[in-house]
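Below are the chains, spelled out letter by letter.
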Amino acid sequence: MEQEPHIVQNGSAAAGAPDMAAQRKATYARLFRRFVWLTILCSLVPLLLVGWGINLHYTRFARERMLNFFETQVEYHRKIIEMFLNEHSSKLQLIAQTHTRDEIIEPKALQTAFEVFNKDLWSLTDLGVIGEHGYHLAYAGPYDLWSRNYAKEFWFAQVMQKGLYISDMFMGFRKEPHFIIAVTQSNGDQKWILRATINTEAFRSLVENVRIGKTGQAYLLNAEGVFQTSPRLGGAIMEKSTYPVESYHEGIQIRSLEGLKGADGKERPRQIACQAWLKNPRWLLVVKQDYGEAFGDVNYANAWTLVFLHVSALSILIVSVLITRHMITIVKRRDTEADRLNDQLMQAGKLASIGELSAGVAHEINNPLAIILTERQLLLDAARQLPMSGPEFKAQFDDSLSQVDIQIQRCKRITQNLLRFSRRTESLIETVDLNAFLREVVDLMDREARSSGIKFFTELDPALPPLLSDPSQMQQVFLNLITNAIDAHAGKPYGSVRLTTRADDERRQAKVHVADTGSGISPAHLNRIFDPFFTTKGVGKGTGLGLSIVYSIVKRLGGTISVQSEPGTGTEFTIALPYTPPKELRESLAEGHART
């Protein structure tokens with residue numbers, strides 16, 4: 001419905017259009033890549049660096065806590081075992097030091113000591129006093145060992161030499177694994193041994209009560225790597241262990257073991273072991289667990305952390321791509337709008353040039369018209385002075401000259417309108433007779449309308465007072481509206497455009513109705529016809545700026561514009577213009593003129 005100039009491209013411009021489109025496509029692709037890379041550098045890379053850093057820090061922290069837990073378990077159990085052994089050693093030494101040999105070998109004295117030992121915990125299997133010849137002098141326990149001579153046993157010489165000796169596990173005369181604690185005491189020239197056999201099951205429960213997951217276990221090894229307690233997951237007391245025993249070291253040591261074989265001969269998975277040596281006896285306390293189970297929770301947490309981290313990174317990347325595409329789409333739309341605006345400005349420049357050309361043509365036409373009018377007057381004077389050949393010729397001659405005069409006046413009126421409209425290029429507030437102004441517009445557009453089979457009808461209110469307004473801006477408004485009204489009849493053999501003016505003295509404004517009998521506007525488009533670049537015309541037939549410019553001009557002049565339309569019936573625009581323009585418009589125009 002708006003006035004749209006036709007854009008004509010020359011051959012070179014048309015030929016350069018594909019190159020320009022290809023350049024813009026390459027530019028958009030470059031922008032897309034740059035935006036995505038910037039997003040990756042500014043958000044994705046920091047996220048990954050921070051996430052991986054936190055993951056590494058948490059992994060290190062969790063592993064340290066797990067290793068500290070192992071160290072704590074080993075340290076605690078070492079103290080418990082050493083406390084047990086030291087306590088029993090001290091008790092034996094106390095008994096030996098507080099009794100003479102004759103006193104301790106009394107039948108009830110040794111039994112009493114044996115019962116006192118086992119009062120709270122059945123920790124001794126038997127208790128015996130052995131003379132320096134190797135036979136029992138007294139015995140309390142369930143075995144018949146009176147006839148056994150221990151003088152050649154490995155532990156006998158050790159205890160005689162050291163005074164206190166704790167043995168490794170051995171079979172002995174009872175043919176079952178056990179170990180002893182023995183102390184020596186001298187009464188004058190008599191030397192004797194107080195020997196206690198530790199309850200194997202009680203000692204094993206003390207060592208093996210460590211429960212760390214499904215694969216965790218604790219056991220004791222001697223310096224040769226022989227089990228002193230039974231491992232929970234394979235192996236038995238006094239069997240050779242596959243655990244690699246190293247030389248004695250102080251404190252607690254953590255080891256990572258691979259390739260160890262179990263009791264069934266199968267290779268075990270990687271294990272983590274924490275070990276510490278007892279001082280007396282020289283046994284190695286080992287607490288170990290499968291590496292996968294020990295750090296299972298850590299690895300599980302790390303795996304999900306990395307999953308969430310990479311999902312977040314992927315989400316950021318996807319959102320970045322989508323946002324970048326949206327931004328590129330907006331840039332493309334803005335570029336398209338800028339192109340349309342540039343085309344409109346070029347067409348406006350062409351129209352301005354045409355206006356100047358029209359003014360020059362009007363001036364040039366006025367000169368021959370004046371000559372024709374002079375020659376007509378000379379012919380009239382000559383006809384009055386010279387006789388005519390007959391009355392009929394004289395009548396035809398007078399009628400022809402009258403037609404010449406009518407057509408000359410018509411041409412003068414057309415050229416005057418052209419000159420008047422071409423001069424209205426500068427914004428200036430002046431008094432405007434709205435009715436006369438609309439008649440001029442109708443006269444100017446009448447020929448174009450009649451060529452399309454369209455007639456103008458005017459109903460102008462004679463009581464309408466003059467307006468103070470900008471005639472150049474009003475000219476653009478009504479030319480656009482009337483041109484749109486004519487274009488709305490495309491495809492129809494005839495139609496009409498009606499202009500109506502009414503004075504609204506109560507609101508001190510003039511109302512102008514421009515109604516046509518054209519194709520009308522669909523309801524879906526009615527709310528958008530004043531939007532920039534919106535057009536219902538075909539490609540190349542409009543840029544969608546005509547009604548947007550009309551709307552802006554009317555608002556600038558302090559007026560309002562509304563539209564009513566019914567598809568297939570026609571459209572009516574109603575414009576209300578104030579009698580006096582807004583103060584802001586007057587001040588801005590005055591300031592502009594002052595600058596020039």
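Residues numbered from 1 in each chain as written. Predicted model: local features only at pLDDT ≥ 70, side-chain atom pairs only at ≥ 80, totals over all residues. Heavy atoms only, no water.

> Looking at this structure, how should I read the overall build of the protein?
When helices and strands are counted, the protein shows 13 helices and 16 strands. Counting across all 596 residues of the protein, residues that qualify as buried make up 39%. Long-range contacts, defined here as pairs at least 24 residues apart, represent 63% of the contacts in the protein between residues at least 6 apart. (Helix = DSSP H or I, 4+ residues; strand = E, 2+ residues; numbered from the N terminus. Buried < 20%, exposed > 50% of the residue type's maximum accessible area, 1.4 Å probe, protein only. Contact = heavy atoms within 4.5 Å.)

> So what exactly am I meant to see when it comes to the sheet that holds strand 8 (residues 271-277) here?
Sheet strands associate in pairs through backbone hydrogen bonding, adopting either a parallel or an antiparallel arrangement. An order of 6-9-8-7 is seen for the four strands of this open sheet, with the pairing classed as antiparallel. The outermost strands of the open sheet, each flanked by one partner alone, are strand 6 (217-221) and strand 7 (252-257). Neighbour-to-neighbour, the strand axes of the sheet open up by a mean angle of 25°, direction not taken into account. Relative to strand 9 (residues 284-290), strand 6 runs antiparallel, the two being bridged by five bridges. Residue pairing in the sheet places Gln217 in a bridge with Lys288 of strand 9. On the sheet, helix 5 (residues 200-208) packs against strand 6 and strand 9 and is oriented at approximately 125° with respect to strand 6. (Pairing = 2+ DSSP bridges. Axes fitted to C-alpha atoms, helices over the stretch in contact; angles between N-to-C directions.)

> Got a minute to help me understand empty space enclosed by the protein in this structure?
If you roll a probe as big as a water molecule over the atoms, it shows you where there is empty space left. Scanning the model with the defined rule gives one cavity of 30 Å³ or more in all. Taken as a whole, the largest cavity holds about 50 Å³ of empty space. Residue lining of the largest cavity: Leu145, Tyr150, Glu153, Trp155, Phe170, Gly172, Phe173, Arg174, His178 and Arg195, and that is the complete set. Across the lining of the largest cavity, the residue classes break down as five nonpolar, two polar and three charged. (1 Å grid on protein atoms, 1.4 Å probe; cavity = no way out; pocket = protein on both sides within 12 Å on 5 of 7 lines; lining within 4 Å. Points joined across faces, edges and corners; volume = space filled by probe spheres on them. Nonpolar A, V, L, I, M, F, W, Y, C, P; charged D, E, K, R; others polar.)

> When you look at the nonpolar core in this model, what are you seeing that I'm missing?
Grouped burial of nonpolar side chains is what soluble globular proteins tend to show. Of all hydrophobic cores here, the largest spans 47 residues; its most connected members are Phe179, Leu194 and Phe203. When residues of this core are assigned to their parent elements, the largest contribution, nine residues, is made by helix 1 (residues 11-98). Residues within four places of Leu194 in sequence aside, it is in contact with Leu92, Ile95, Ala96, Leu110, Leu127, Gly128, Val129, Ile181, Ala182 and Val183. Of all hydrophobic cores here, the second largest spans 41 residues; its members include Ala485, Leu499, Ala510 and Val514. (Core = buried A, V, L, I, M, F, W, Y, C linked by side-chain atoms within 4.5 Å.)

> It is not clear to me how the pairing of strand 4 (residues 180-187) should be interpreted in this structure. Could you clarify?
Walk down a regular strand and you will see the side chains alternate between the two sheet faces. In this structure, strand 3 (residues 164-166) lies alongside strand 4, joined through three bridges in antiparallel fashion. Note that in strand 4 the partner of Leu164 across the bridge is Val183. Judged from the eight bridges that link them, strand 4 and strand 5 (residues 190-198) form a sheet pairing that is antiparallel. Each residue of the ladder has a partner; that of Asn187, found in strand 5, is Gln190.

> Could you clarify how one ought to interpret the sheet that holds strand 16 (residues 570-578) in this entry?
A sheet is described by the order of its strands in space; here five strands give the open sequence 11-13-14-16-15, paired in mixed fashion. On the outer flanks of this sheet lie strand 11 (454-459) and strand 15 (560-566), each paired with one strand and no other. Strand-to-strand, the axes of this sheet are offset by a mean angle of 15°, without reference to chain direction. Relative to strand 16, strand 15 is paired through seven bridges, and the arrangement is antiparallel. Residue Val563 lies in a different strand from strand 16, and its bridge partner there is Phe573. Lying over the sheet, helix 9 (residues 434-451) contacts strand 11, strand 13 (495-504) and strand 14 (509-516), oriented at roughly 170° with respect to strand 11. Sitting on the sheet, helix 10 (residues 471-487) is in contact with strand 11, strand 13, strand 14 and strand 16, with an inclination near 170° to strand 16.

> Can you walk me through helix 5 in this structure?
Each α-helix turn comprises 3.6 residues. Residues three or four places apart therefore point the same way. Among all positions of helix 5, only Thr200, Ala202, Phe203, Leu206, Val207 and Glu208 are buried. With a side-chain oxygen positioned 3.1 Å from the backbone nitrogen of Glu201, the residue opening helix 5 is Asn199. (Polar contact = N/O pair within 3.5 Å; in protein donor to acceptor, adjacent residues only side chain to side chain.)

> I tried to follow the pattern of salt bridges on my own but got confused; where do I start?
Two side chains of opposite charge can pair, provided their charged atoms sit close to one another. Tallying each qualifying case throughout the model produces 12 salt bridges. Residues participating in the shared-partner salt-bridge network are Glu75, Arg78 and Lys79. (Salt bridge = Lys/Arg side-chain N within 4 Å of Asp/Glu carboxyl O.)

> Before we go on, may I ask you to explain the environment of Met474 in this structure?
Summarising the element assignment, Met474 is placed in helix 10. Given the relative accessible area of 1%, Met474 is considered buried. Through-space distance from the C-alpha of Met474 to that of Val432 is 9.7 Å; in sequence the pair is 42 residues apart. Ignoring anything within four residues of it in the chain, the contact list for Met474 reads Val432, Leu434, Phe437, Ser469, Leu557 and Leu577.

> I would appreciate a short explanation of the side chain of Asn302 in the present structure.
Residue position: Asn302 is located in helix 7 (residues 296-385). A polar side-chain atom of Asn302 sits 2.7 Å from a polar atom in the side chain of Thr59. When residues no more than four places from it in sequence are discounted, the contact partners of Asn302 are Asn55, Tyr58 and Thr59.

> Which parts of the structure should I look at to understand helix 10?
Given a rise of 1.5 Å per residue, 17 residues ought to cover 24 Å, and the 24 Å separating the end C-alpha atoms of helix 10 matches this to within 8%. A large share of helix 10 lies buried, amounting to 15 of its 17 residues. (Expected span 1.5 Å × (residues − 1).)

> Help me understand unusual backbone geometry in this model?
Leaving glycine out, the prevailing phi sign among residues is negative, and the prevailing peptide bond configuration is trans. A cis amide bond, omega 0°, links Asn280 with the succeeding residue Pro281. Counting through the fold element by element, Pro281 comes out in the loop between strand 8 and strand 9. Even without being a glycine, Met238 presents a positive backbone phi close to 75°. Not every positive phi belongs to a glycine, and Arg508 is a case in point at roughly 50°. Among the structural elements, Arg508 can be located in the loop between strand 13 and strand 14.

> Quick question: what am I supposed to make of the side chain of Gln271 here?
When you line up the elements, Gln271 lands in strand 8. Excluding its chain neighbours within four sequence positions, the residues that come into contact with Gln271 are Arg255, Ser256, Leu257, Leu260, Lys288, Gln289, Asp290 and Tyr291.

> What should I look at first to understand the packing of helix 9 against helix 10 in this one?
A pair of packed helices is characterised by two quantities: the angle between their axes and the separation of those axes. Contact pair helix 9 / helix 10: the axes reach a minimum separation of 10 Å and the direction vectors enclose 40°. Taken together, the axis directions place helix 9 and helix 10 in an arrangement best described as oblique. As for the relative orientation of helix 9 and helix 10, their crossing is right-handed in sense. Mapping the contact onto sequence places Leu434, Phe437, Leu438, Val441, Leu444, Met445 and Ala449 in helix 9 and Pro471, Met474, Gln475, Phe478, Leu479, Ile482, Thr483 and Ile486 in helix 10. Of the residues in the contact of helix 9 with helix 10, the class split is 13 nonpolar, two polar and no charged. (Parallel < 35°, antiparallel > 145°, perpendicular 65-115°, else oblique. Left-handed = near helix turned anticlockwise from the far one by under 90°.)

> Any chance you could explain the packing of aromatic side chains here in plain terms?
Pairs of aromatic rings are described using the distance from one ring centre to the other and the angle between the two planes. Throughout the structure, instances matching the rule amount to 16 aromatic pairs. Their ring planes at 75° and their centres at 6.1 Å tell us that Phe69 and Phe70 sit as a pair that is edge-to-face. For Phe69, a relative accessible area of 34% puts it in the partly exposed group. Between Trp304 and Phe308, the ring centres sit 5.7 Å apart and the planes meet at 35°, which makes this aromatic pair tilted. Placement of the pair is Trp304 and Phe308 together in helix 7, with a separation of four residues, close to one helical turn. You can call Phe308 exposed: its relative accessible area is 52%. (Phe/Tyr/Trp six-rings, centres within 6.5 Å; stacked < 30°, edge-to-face > 60°.)

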